[in-house]
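One-letter residues, chain by chain:
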Amino acid sequence: MKKKSWIRKNLFANAWSSLATIVFAVLVVAYLPGLLNWMVVQAVFGPNVDACQAARGTGACWGVIAEKWRLIVFGRYPHLEQWRPALATVLLLGLLFASCVRKFWTLWLVPAWIVVWVVFFWLMHGGLGLSVVPTDQWGGLPLTIMLSTIAIAGAFPLSIFVALGRRSKLPAIRTLCTVYIELVRGVPLVSILFMASFLFPLFMPVGKSPDVLIRVIVGLILFWAAYLAETVRGGLQAIPKGQLEAAASVGLGYWQTQRKVVLPQALAIVVPAVVNTFIAIFKDTSLVTIVSLYELTGALSIALNSDANWRPFKIEGYLFIAALYFTFCFAMSRYSLWVEKQVHHG
Amino acid sequence: MRRPSARKRWSWRSQAFRGLLWQVVAVLLVGFAVWFLAHNTLENMRARGIQSGFDFLKGPAGFDIGESLIPYDALDPYWKAFLVGILNTLRVAIIGIGVATLFGTLLGIGRFSANAIVRGLCYAYTETFRNVPILLQLLFWYLVFTEVLPPVAEPVSVGPFLLSKAGFSFPWWVEGRWSVPAPGAFSMEGGASATPEFMAVLMGLVFYTSAFIGEIVRAGIAAVPKGQVEAASALGLPRGLQVRKVILPQALRVIIPPLTSQYLNITKNSSLAVAIGYPDVVSIANTSLNNTGRAVECISIIMLVYLVTSLSTALFMNWYNKRVAIQER
Amino acid sequence: MAEPIILFEKVNKWFDGFHVLKDIDLQVAAGERIVICGPSGSGKSTLIRCVNRLEEHQEGRLVVDGVELGDDVKAIEQVRRNVGMVFQQFNLFPHMTVLENLTLAPVYVARKPKAEAEANAMKQLERVRIAEQAHKYPLQLSGGQQQRVAIARALCLTPHIMLFDEPTSALDPEMINEVLEVMIELAGQGMTMVCVTHEMGFAKAVADRVIFMDAGQIVEQAPPEEFFSNPKSDRTKDFLSKILGH
């Protein structure tokens, strides 16, 4: 009975609703079998080129992923050494997850992050008993995760200072911070990446140009710090003036007031927004492929463009990567919503 | 009554002095950084024999551009090539803003539909498209146009609208009458067509951004207190009028500020066109950079174009937002 | 009168051209208890906020506890260490426990060892009769309890002067007394107190002097008996009739 009334209320409440339900039903009947046919029934799951070629047009070739997944996930990293980026990424993700749990929000996170970064770069780059892998061979998912994590880890502390600067009483500092924020937010990430790629070598002393990976990281940090600064500023604005007055009345100085009274409250408020920014960073890391760093999106192109047999099945490859991105981003957005509820209740 | 300025006693312990000190240190640091970068750049340019200056803009560009709103050929100067790029950027951004706003609004309203399927589909669409990078979506659509769609001779048709490897063709007003496109031997004949590159950029921008706009519209509508709708129903307003006269005007105030940043995002994301070769301003600058080696100049042009667009959009939307807000009182 | 602990000499202050304090002359002796009243916007809050330089005055001389207030950073630090303040909205730090609220300044400003600061904090909490709440967060307490914690927080720096800026105005009526009792006790212990309040019962019970302000000026000052029974200025009479009249 309950079910019946739910159906009436939600599917046939009025003429328009009934029409929508019927149109949807017709579309499902007309197209769903074809779609399922392509995706599952006629699809080729094994890494078999001939079967894929035969099924072209009628069934998907998921075999392309079975065949190429290591190239897609790890890029050009040497095949035998791929346990290293895998382990490094698992470590990084583990700490990232731990950092999302309120119970672990202590000062211990700082040394933990330092240790994990050192181990990460040792595993990725090598040395001390591991063979050296130059940065131009890093790629795929480990690069995506590394770039986005390092971008937020670097941009977040910087953004706090910029946000405080934009709210400073000192006009010169306020102006500098405002100009920085508005300039960076006014231009696309691509232009910053071009800058990292073409201009940073010119900016450095003659003959001393850092690795392209480092240049891109610096560019990403400077870019996202401007966005995060606006997020943090929102949190700062939410702190009542009385808190500052109370801190002043007991004799706390500017930095003490910020560190002990304002920032702990402001940052707790902005956690959901920071997680959302991290999602944006994670997605936009795909842009580094434009300056020839082969993260997930770029790795797919390397994997398939060089192989004429498998190239026709790029669509399936894109769908696979899209599913990977979706899984990460959707999980993070759920987490952000959960934190937001916590903030509202606590 | 004039407010006298407080007499400041200048000592190293005074607030005024310390404030000044901080500012001087900050300005000096930034000044030094700028000097350091500029100095290195000049040294590097001298060492590598790179020429500088914007005089190259007057020289012939020497490359063709796939599509242009104004007459252009390879003999035209660089500045004209950049102008073509800027116009192409604006074209895809403005059309993108229009279509994404329409889609996004429908998506946002659909979340409140009486029909559970409509609600579910709108939700699924929003979550799917905003959680996949826009670059990936753009590359995907480009692949669909260049690999999946049939050749010009046998297009997929929806009424008079044709989709093929040649792009999207539609009827258009030509020389005083409607001209309907039809497949020719090598290209579409009649009507008007959008290139696959343009379509891929546009679809990427629209599908991605409309998911965000839908969420903004949904939040805006949800922010209108329930009592408002009940009051409107009590007055006997039909549903359509309730939306137009009561819900939308109030929701708009919540919607406009985040909508502005989405419009700016569309404009900035149109720069991803460089990945598939739609000749927007970034692509043109990239080509020019490779041809002339003037990295500083070409990247400055890109940044300047976007800064001007972003700032003017922000100013316009602020003005509009104020207008909407004042009507409140 | 001995050297005053608070001295206003021709103090003037403007907010963007609006003259909030006009030629204020005021002396407060050590151990004296002052109540300031007046209509809203009369400048009474601004006056006491000048004492610990939450607001800066633009003209005149203001000496607090032997230190002249001006642009000098060290002078401001010293005055704030010797002057405690209690706000209308309590302004406790919501992310810290009651005990952490109390030890923050002693540890980070006065550089006392943590154990000593905590022992002293517990003593102050007992003084305001709320020691059992030491490990709760401010928002778990009632308004009256929060305000008593705020008083204890101000006392933790062993101030020479206590400022109260409408300490009971934000409280529900049934909680006003518990706060007033603590303030009366404090007055009995010889603390120099300057209170902005409309609690005339409190003024009658403990004040040595009542000051009436209007439009940025001190209109009238007198001991409470005289102030309430025989106000001189018409503005004072008018104000008193409004707040006592019903």
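The present account deals with the structure reproduced in this document. (Residues numbered from 1 in each chain as written. Chains lettered and ligands numbered in written order. Predicted model: local features only at pLDDT ≥ 70, side-chain atom pairs only at ≥ 80, totals over all residues. Heavy atoms only, no water.)

## Remarks on the overall build of chain B
Right, so step 1: Broken down by element type, chain B carries nine helices and eight strands.
Right, so step 2: Against the globule reference of 20 Å for 329 residues, chain B gives a C-alpha radius of gyration of 26 Å, more extended than a compact globule.
Right, so step 3: Referenced to the eigenvectors of the C-alpha coordinate spread, the extents of chain B come out at roughly 80 × 70 × 40 Å.
Right, so step 4: Counting over 329 residues, chain B shows a buried share of 44%.
Right, so step 5: Restricting to contacts in chain B with at least 6 residues of sequence separation, those with at least 24 account for 59%.
Right, so step 6: Counting every atom, chain B has about 17,300 Å² of accessible surface; 66% of that belongs to carbon and sulfur. (Helix = DSSP H or I, 4+ residues; strand = E, 2+ residues; numbered from the N terminus. Rg over C-alpha atoms; globule rule 2.2 N^0.38 Å. Buried < 20%, exposed > 50% of the residue type's maximum accessible area, 1.4 Å probe, protein only. Contact = heavy atoms within 4.5 Å. Areas by Shrake-Rupley, 256 points an atom, 1.4 Å probe, with all protein chains shown as cover.)

## With respect to the sheet that holds strand S5 (residues 67-68) of chain C
Adjacent strands of a sheet form backbone hydrogen bonds with each other and so pair up, either parallel or antiparallel.
Right, so step 1: Reading across from one edge, S2-S1-S4-S5 (chain C) is the order of the four strands in this open sheet, with antiparallel pairing throughout. On the outer flanks of this sheet lie strand S2 (18-28) and S5 of chain C, each paired with one strand and no other. (Pairing = 2+ DSSP bridges.)

## Regarding a nonpolar patch on the surface
Right, so step 1: A contiguous nonpolar surface patch, about 640 Å² in accessible area, is contributed by Leu 32, Leu 35, Leu 36, Met 39, Val 40, Val 41 and Phe 45 of chain A.
Right, so step 2: Of the residues examined, Leu 32 of chain A reaches a relative accessible area of 39% and is grouped as partly exposed. (Patch = residues over 30% accessible without salt bridge, like charges linked within 9 Å, V, L, I, M, F, W, Y side chains within 5 Å. Salt bridge = Lys/Arg side-chain N within 4 Å of Asp/Glu carboxyl O.)

## So, the pattern of salt bridges
Residue and element names in this part refer to chain A.
Right, so step 1: Counted according to the given criterion, the structure contains 33 salt bridges over all chains.
Right, so step 2: The closest approach of N and O atoms between Glu 182 and Arg 166, which form a salt bridge, is 3.1 Å. Of this pair, Glu 182 sits in helix H8 (residues 171-186) while Arg 166 sits in helix H7 (residues 140-166), and the two are 16 residues apart along the sequence.
Right, so step 3: Given the relative accessible area of 30%, Glu 182 is considered partly exposed.

## Thoughts on the nonpolar core
Right, so step 1: Ranked by size, the top nonpolar core spans 158 residues in total, and within it Met 146, Leu 220 and Trp 224 of chain A together with Phe 82 of chain B carry the most contacts.
Right, so step 2: The biggest single contributor to this core is helix H5 (residues 196-222) of chain B, with 16 residues.
Right, so step 3: Residue contacts for Trp 224 of chain A: discarding those within four places in its chain leaves Ala 151, Ala 155, Leu 189, Thr 277, Ala 280, Ile 281 and Asp 284 of chain A. (Core = buried A, V, L, I, M, F, W, Y, C linked by side-chain atoms within 4.5 Å.)

## Regarding empty space enclosed by the protein
Residue and element names in this part refer to chain C.
Right, so step 1: Scanning the model with the defined rule gives five cavities of 30 Å³ or more in all.
Right, so step 2: In this structure, the largest cavity spans a volume of roughly 40 Å³.
Right, so step 3: Contributing to the lining of the largest cavity are Arg 127, Val 128, Ile 151, Leu 155, Val 182, Glu 185, Leu 186 and Gln 189.
Right, so step 4: When residues of the lining of the largest cavity are traced back to their parent elements, those giving at least two are helix H5 (143-155) and helix H6 (173-188).
Right, so step 5: For the lining of the largest cavity, the per-class residue count stands at five nonpolar, one polar and two charged. (1 Å grid on protein atoms, 1.4 Å probe; cavity = no way out; pocket = protein on both sides within 12 Å on 5 of 7 lines; lining within 4 Å. Points joined across faces, edges and corners; volume = space filled by probe spheres on them. Nonpolar A, V, L, I, M, F, W, Y, C, P; charged D, E, K, R; others polar.)

## A short note on the side chain of Asn 12 of chain C
Residue and element names in this part refer to chain C.
Right, so step 1: Tracing the backbone through its elements, the reader meets Asn 12 in strand S1 (residues 6-15).
Right, so step 2: Polar side-chain contacts of Asn 12 include one of 2.8 Å to the side chain of His 19.
Right, so step 3: Residues in contact with Asn 12, not counting those within four places in the same chain, are His 19, Leu 21, Lys 22, Asp 23, His 57, Gln 58 and Glu 59. (Polar contact = N/O pair within 3.5 Å; in protein donor to acceptor, adjacent residues only side chain to side chain.)

## Some remarks on the pairing of strand S7 (residues 161-165) of chain C
Residues and elements named next belong to chain C.
Right, so step 1: Taking burial as the measure, the five residues of S7 include five buried ones, the bulk of the element.
Right, so step 2: Side chains Ile 161, Leu 163 and Asp 165 of S7 all project onto a buried face; the interleaved residues Met 162 and Phe 164 project onto the opposite face, where all are buried too.
Right, so step 3: Regarding the hand of the β-α-β motif, the stretch spanning S7, H6 and strand S8 (residues 192-196) is right-handed. (Right-handed = clockwise from strand over helix to strand, strands pointing away.)

By themselves these figures say nothing about function.
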